[in-house]
Each structure stands twice: as C-alpha cells, then as structure tokens.
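Here are the chains, one letter per residue:
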Amino acid sequence: LTLFSHLINMSIFFMNFILYPVLKWVMNKYPKKRIQAAVGVIGIFVAVSVAKEVSDWPENFFQKLQVPRNSPKIAFIKAYKTQSKLLHPDRNPGPDAQEEFIALKEMYEALKEDGPRQIYDRWGPKMYDSPHRDEYLQSASALAFTYVSYYGTMTFLIFLITWEENSQRARGWCFTLLGAMLLYEIILKHDEDDWDYLIYILPYWSIFQKLELLHLIVMYSLHGITQVASATYVDIESERYSLLTERFDELGDLVVSLSEDLQALKAKQGIKDVTSEDGKTIVKAKGAEIKRRRKVEHMKQKQSHAVREQDIEARRGGGVNWLQLIIVLAMIYGWVTGKN
C-alpha cells in the first residue's frame, strides 16, 4: 500500500505538474546543455526525496553500538562491554535503565556471532525476529517472492509511465537500471564475499538498509528517466509533415508563378481559352503549350493529394489513453479504500 501510494502521488501529481514543467523550463533556458541541466534537476529531486524518506528510518543495531557492519567479532564484544557499563541498572539512574540494558543485550546477541549477524545485516530486523526465518531462507519460492514483490511492482510501473509514445524510448533504460539493481541485490544477499561498495560512505548502515535506499533511488530514477525522455522527445512524423507542408507551399508558389507566366505567354501569342458546354476549358494552342498546361494541372492535383494524405496520417493516433486512465483510477480507488 505504501509503495502504491508513492506511485500514485509521484506519477499523477508531482511528476506531471511540477517536475515535468521544471524540466521543460530548464532545458529551454539552457538549450546547449539541456541534457546536463535535466540530469541536474533529476539528481536534486532524487536526493531530496530520498533524504526525506531516510530521515524517518529508525537506527539499526550497528548504529546504536557505533560499530561498522563489516567489523570483526572482537569489535562488537568491546562495544558491548563499554556500553553495558554505562547502561547497567546499578550505574544508570534513568527510569528506562532496565529496558535499555535488555535492548543492549538483544543487540549483542544478534551481532556477536557471524550467522545471526549476517541474517540481520542482509535480510533486516523483521527476518531476524521471525521464528520461521531458517525455513524461509531455505525455501526458494519464499525467497523468490521477496524479489517479485518489489521488482514485479517496478515492472508494472515502467509499463505505466512509458505507455505514451513520447516516453517509450525510456523503457529500455528503465529495464536496464532495474535489471542491474536486481543483479546487485542478489549478489549482496547471497554471495559469500562482501560486495558492499557503500561501506566507506555509510559504514553503520546494514546491507538491508542500503538495499532499501537503492530501491528508493531506483524508483525515483525511473520517473526521472521517463520525464527526461518526454522532455527531449521529438515527433519525427510531425517534423516530416511540417517539412513536407513547407515544401508543398513552396511548390504551390512555384505553380502559381508558372501559371502566371503561362497566362502572360498565351496573351503574348494570342492563345485563347474556350469554355465548352460542360464547363471545361479547352486550350486552343500548339502542342507544346497544351502539354505545359496539363503538366501544371497535374502538379496542382498531386500537391493537393499529398497534403490531404499527410493530414490524414498526422491525425491518426493521439486521443485519450483509456487503458492508462483506467489503471490509474483503479490504483487510486484501491489506495483510498485500503486507507479507509
């Protein structure tokens, strides 16, 4: 429910009514560096959004003991002994001394051995506290569900936000980013080696927290990539139609000029047009002038037909994306009823 509320709030309101206009304004203001400007705006947006989410997270055991997650066993023992002396009820006169000391012992029990510490580090506190954690971690279907719940939702999100033609070219980039995230998460959780490249930046964060952080960054980045693709989209068919219309206008001017020259030539040579009973014009002139007249009329008809075909082609497509509208309305209805 929380994840879908993120998708609704960002997809409908923020991304379309705030971020997209800002992107367009920045890219129009700096046309020579439009991509760099767009990436900068997206970076600021992702940083602010992620910082807001992370600020509400509680401290983990590594942060409370002030021991980096990749420290040896002896470091956790020393930290426990140091804090136990300070928090022991005999030395701590606070009203919550007993609860704080019990919480410290629980943290030490979780981190003193490699096996429990690895479960807490890689799978989070909920998995560590679960009485069925060993069965869960040995079940392939249960582990697969942990990935499907997030990556299935992100796949749905990608198809939703790249449904329109102006953002479809972002779909490949979005799936590439999501695939890289999935591969890195599998390596972090299941490989025996430590692939934590964020240890130097966030030494007290567990792998589970860092993956949650990367999940947020990926989700926000999918929106950002899509908005950049939409802001930089160029409708090739529309451009071709505009170019052809401009060329046909030039051709029309040329035809008018040729018609005027032809009329002047006929007047000079004394050629007259005779109207028949059915309203058609018959030119009494030599063969060369008749051929030229027919050629001009053929060019006019060809111009009119080509413009009409381009207009019909340009009018195809567009309209309301009813499928996306129905999906979004269903998501909003489910979110509102679930909240109530």
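Nothing here was measured: the structure is a model prediction, and the numbers come from that model. (Residues numbered from 1 in each chain as written. Predicted model: local features only at pLDDT ≥ 70, side-chain atom pairs only at ≥ 80, totals over all residues. Heavy atoms only, no water.)

Asks: I'd like to hear about the packing of aromatic side chains, residue by residue, with values.
Replies: Inspection of the entire model under this criterion finds 10 aromatic pairs. Here phenylalanine 61 and tyrosine 120 contribute two aromatic rings whose centre-to-centre distance is 4.5 Å and whose plane-to-plane angle is 5°, an arrangement assigned as stacked. Of this pair, phenylalanine 61 sits in helix α3 (residues 61-65) while tyrosine 120 sits in helix α6 (residues 114-129), and the two are 59 residues apart along the sequence. For phenylalanine 61, a relative accessible area of 18% translates into the label buried. Here the aromatic residues Phe61, Phe62, Phe76, Tyr120 and Tyr128 are joined through ring pairs into a cluster of three or more. (Phe/Tyr/Trp six-rings, centres within 6.5 Å; stacked < 30°, edge-to-face > 60°. Helix = DSSP H or I, 4+ residues; strand = E, 2+ residues; numbered from the N terminus. Buried < 20%, exposed > 50% of the residue type's maximum accessible area, 1.4 Å probe, protein only.)

Asks: Outline a negative patch on the surface, listing residues and values.
Replies: A surface patch of like charges, here negative, comprises Glu164, Glu165, Asp235 and Glu239. Glutamate 164 sits in the partly exposed class, given a relative accessible area of 34%. (Patch = residues over 30% accessible without salt bridge, like charges linked within 9 Å, V, L, I, M, F, W, Y side chains within 5 Å. Areas by Shrake-Rupley, 256 points an atom, 1.4 Å probe, with all protein chains shown as cover. Salt bridge = Lys/Arg side-chain N within 4 Å of Asp/Glu carboxyl O. Lys, Arg positive; Asp, Glu negative; His and termini not counted. Charge placed at Lys NZ, Arg CZ, Asp CG, Glu CD.)

Asks: Describe the side chain of serine 71, listing the residues and the values that go with them.
Replies: Tracing the backbone through its elements, the reader meets serine 71 in the loop between α3 and α4 (73-87). Looking at serine 71, its side chain comes within polar contact range of the main-chain oxygen of proline 68, at 2.8 Å. Non-local contacts of serine 71, meaning those with residues more than four positions away in its chain, are made with Phe76 and Arg117. (Polar contact = N/O pair within 3.5 Å; in protein donor to acceptor, adjacent residues only side chain to side chain. Contact = heavy atoms within 4.5 Å.)

Asks: Outline the environment of tyrosine 136, listing residues and values.
Replies: Structurally, tyrosine 136 is set in helix α7 (residues 133-138). On the accessibility criterion, tyrosine 136 (26% relative accessible area) is partly exposed. Ignoring anything within four residues of it in the chain, the contact list for tyrosine 136 reads Met127, Ala142, Leu143 and Thr146.

Asks: Describe α4, and please don't skip the residues or the numbers.
Replies: In a regular helix each residue adds 1.5 Å, so 15 residues correspond to 21 Å; α4 covers 21 Å between its end C-alpha atoms and thus fits that length. Lining the buried residues of α4 we find α3, α5 (97-111) and α6. (Expected span 1.5 Å × (residues − 1).)

Asks: An account of the pattern of salt bridges is requested, with residue identities and associated values reported.
Replies: In total, this model carries eight salt bridges according to the counting rule given. Note that lysine 189 is salt-bridged to glutamate 185, the shortest N-O span being 3.2 Å. With lysine 189 and glutamate 185 both in helix α9 (residues 171-190), this residue pair falls four residues apart, about one helical turn. Just as lysine 189 is buried, glutamate 185 falls in that class too. The network of salt bridges with common partners includes Arg69, Asp121, Asp194, Asp196 and Lys210.

These values are about where atoms sit, not about what they do.
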